[in-house]
Amino acid sequence: MFFSFLRNAVLEGEANKVGCSLPAARKTGTTICGVVFKDGVVLGADTRATEGMVVADKNCSKIHYISPNIYCCGAGTAADTEMTTQIISSNLELHSLSTGRLPRVATANRMLKQMLFRYQGYIGAALVLGGVDCNGPHLYSIYPHGSTDKLPYVTMEVASLSSDWFLCSSCSGSGSLAAMAVFEDRYKPNMEEEEAKRLVRDAIAAGIFNDLGSGSNIDLCVITKGKVDYIRPHDEANKKGVRYKSSFLEGRTGDYKYKRGTTGVLSKTVLDLEVVEETVQTMDTS
Amino acid sequence: MFSVQTFGDTGKMKDYHYTGPVEHRFSPYAFNGGTVLAVAGEDFAIVASDTRLSEGYSIHSRDSPKCYKLTDTTVIGCSGFHGDCLTLTKIIDARLKMYKHSNNKTMTSGAIAAMLSTILYGRRFFPYYVYNIIGGLDEEGKGAVYSFDPVGSYQRDTYKAGGSASAMLQPLLDNQIGFKNMEGVQHVPLTQDKAVQLVKDVFISAAERDVYTGDALRVCIITKEGIDEQTVALRKD
């Protein structure tokens with residue numbers, strides 16, 4: 001258990017007393033999702049980061065590396081998703097060297113949930129974890145308080161699939177409802193890679209166009225046994241508008257560059273640095 | 001609110017304590033987003049607005065322009081709470097008709113602005129949550145822009161931005177139209193084509209960074225010939 005939240009609450013109270021407020025963390029808004037298909041998993045994410053209702057980053061990367069066979073999408077507080085995935089990635093690499101084996105998705109899931117639970121939800125990271133290991137493809141969704149859902153491993157038995165098919169996909173973030181609507185309509189078990197990529201692309205696109213917290217491009221990550229395809233961007237769904245060229249104007253066509261000297265210089269001071277002593281120390285570059 | 005389980009003197013767990021039931025008050029206002037911009041030239045005026053209507057993180061409509069035509073020489077842009085925008089424009093239309101029937105002439109832009117100020121102040125203690133900007137031609141045929149706050153304070157301007165992306169647009173207009181913070185630049189009077197181009201470019205930039213602005217841009221150009229409307233596509237994400 002940690003107790004820094006008590007100290008933080010006191011600090012916030014004191015800041016409010018003098019009329020200031022503590023800086024707000026940047027959130028990612030976000031639509032992220034993952035799907036298990038025939039040969040592996042496909043993870044997808046949008047690329048907009050917001051600070052309140054202003055876009056802070058138009059092309060941020062929300063699919064994080066955990067290990068060569070495991071990647072993780074992150075929604076919620078941007079710093080939290082970044083640091084949490086980096087910490088677990090580092091610990092997992094050490095663990096993998098100790099075991100001498102390729103890391104398993106369940107291990108990454110267990111490490112992430114134990115850390116998030118320890119911080120009692122104060123680390124605002126909602127993650128979609130996917131990867132392929134010796135037991136096949138796996139997909140987990142992990143919530144800030146530390147609970148996880150496992151979307152089952154796709155077996156060849158149709159019976160186990162029919163009741164669980166809707167669990168083989170996972171969405172998170174503010175745009176997750178739009179993405180889940182697409183999944184609920186078109187998901188089927190054992191899809192081919194191209195079909196799965198199309199489905200994830202369409203689900204993220206639904207989030208991008210219908211949710212104000214998500215936008216810009218669609219990133220995909222296709223993980224199969226022995227191969228990872230990190231496609232960034234997979235689809236540039238939104239390009240910046242082209243500045244207008246009016247046929248009546250010659251020369252000026254939406255160019256807002258300043259001519260040299262437009263910004264006024266009020267005063268200039270030059271301080272000459274006096275060289276007192278000069279020594280050369282060689283570095284051992286062997 | 002988080003609750004903490006504590007242990008009492010006897011070692012048994014004390015009851016949860018929490019802040020108590022929280023009463024959620026009904027709010028009569030909603031924020032529906034949208035940005036409005038007006039520019040006055042020598043013999044023209046431009047009123048432009050985006051066409052996105054949103055609430056929370058969702059979009060209600062991609063085709064809901066915020067410019068409303070009042071007379072042949074005046075257009076008003078209203079952004080903020082859409083319910084109040086609709087009611088306010090209905091009231092203004094009715095008052096315009098009443099004026100026309102009593103005085104046998106159309107209201108001038110300046111008169112409409114003064115009237116709107118009194119209508120807004122009439123609701124000083126339960127305001128219309130609307131940011132208004134009127135653009136039109138004055139009696140001499142010169143471009144006029146009047147900008148308002150929600151309770152009726154107004155002034156005549158050369159250019160003004162209002163609504164969700166106003167803080168992003170206004171400094172850009174100050175620089176490009178008002179030539180602020182620029183030295184040694186010729187103060188060329190604004191032509192109609194340059195003004196239209198500037199308005200389009202400026203909304204493209206606003207749609208990049210403001211989540212409430214996007215979908216499409218409606219530009220109304222007011223000249224003595226009449227009101228010309230143009231629509232331009234913006235980012236839809």
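Here the structure is a predicted model, which is why all the values come from computation and not from measurement.

How each quantity is defined
Residues numbered from 1 in each chain as written. Chains lettered and ligands numbered in written order. Predicted model: local features only at pLDDT ≥ 70, side-chain atom pairs only at ≥ 80, totals over all residues. Heavy atoms only, no water. Helix = DSSP H or I, 4+ residues; strand = E, 2+ residues; numbered from the N terminus. Buried < 20%, exposed > 50% of the residue type's maximum accessible area, 1.4 Å probe, protein only. Polar contact = N/O pair within 3.5 Å; in protein donor to acceptor, adjacent residues only side chain to side chain. Contact = heavy atoms within 4.5 Å. Buried area = accessible area lost by both parts, 1.4 Å probe. Nonpolar A, V, L, I, M, F, W, Y, C, P; charged D, E, K, R; others polar. Pairing = 2+ DSSP bridges. Axes fitted to C-alpha atoms, helices over the stretch in contact; angles between N-to-C directions.

Draft legend 1. Structural context of the side chain of Asp138 of chain B. Residues and elements named next belong to chain B. As for its position among the elements, Asp138 is in the loop between strand S7 (130-137) and strand S8 (143-148). Judged by relative accessible area, Asp138 falls into the buried class, the value being 15%. Of note is the side chain of Asp138, whose polar atom sits 3.2 Å from the side chain of Arg156. When neighbours within four sequence positions are excluded, Asp138 is seen to be in contact with Ala144 and Arg156.

Draft legend 2. Representation of the environment of Gly178 of chain B in the model. Residue and element names in this part refer to chain B. In this fold, Gly178 is placed in the loop between helix H3 (166-176) and helix H4 (192-209). According to the relative accessible area criterion, Gly178 is partly exposed, its value standing at 25%. In sequence terms Gly178 and Thr35 are 143 residues apart; their C-alpha atoms lie 20 Å from each other. Once residues within four sequence positions are removed from consideration, Gly178 is found in contact with Tyr159 and Leu173.

Draft legend 3. Looking closely at the interface of chain B and chain A. Contacts between chain B and chain A engage 32 residues on the former and 38 residues on the latter. For the pair chain B and chain A, the summed buried area comes to about 3,100 Å², and 55% of that belongs to carbon and sulfur atoms. Elements with a contribution of two residues or more to the side of chain B that touches chain A: strand S4 (58-61), H3 and H4 of chain B. The biggest single contributor to the side of chain B that touches chain A is H4 of chain B, with 10 residues. Of the residues that constitute the side of chain B that touches chain A, the class distribution is 11 nonpolar, eight polar and 13 charged.

Draft legend 4. Quick look at the sheet that holds strand S11 (residues 216-223) of chain B. Residue and element names in this part refer to chain B. On the basis of which strands lie adjacent, the open sheet formed by five strands has the order S10-S1-S2-S11-S12 and antiparallel pairing. The outermost strands of the open sheet, each flanked by one partner alone, are strand S10 (159-163) and strand S12 (226-233). Recorded for the sheet is a direction-independent mean angle of 15° between the axes of neighbouring strands. Pairing of S11 with S12 involves eight bridges; the strand directions are antiparallel. Bridge pairing in S12 links Ile222 to Ile227. Along the sheet, H3 contacts strand S1 (35-40) and S10; its crossing angle with S10, the most-contacted strand, is approximately 170°. Set on the sheet, H4 makes contact with S1, strand S2 (45-50), S11 and S12; between it and S2 the angle comes to about 15°.

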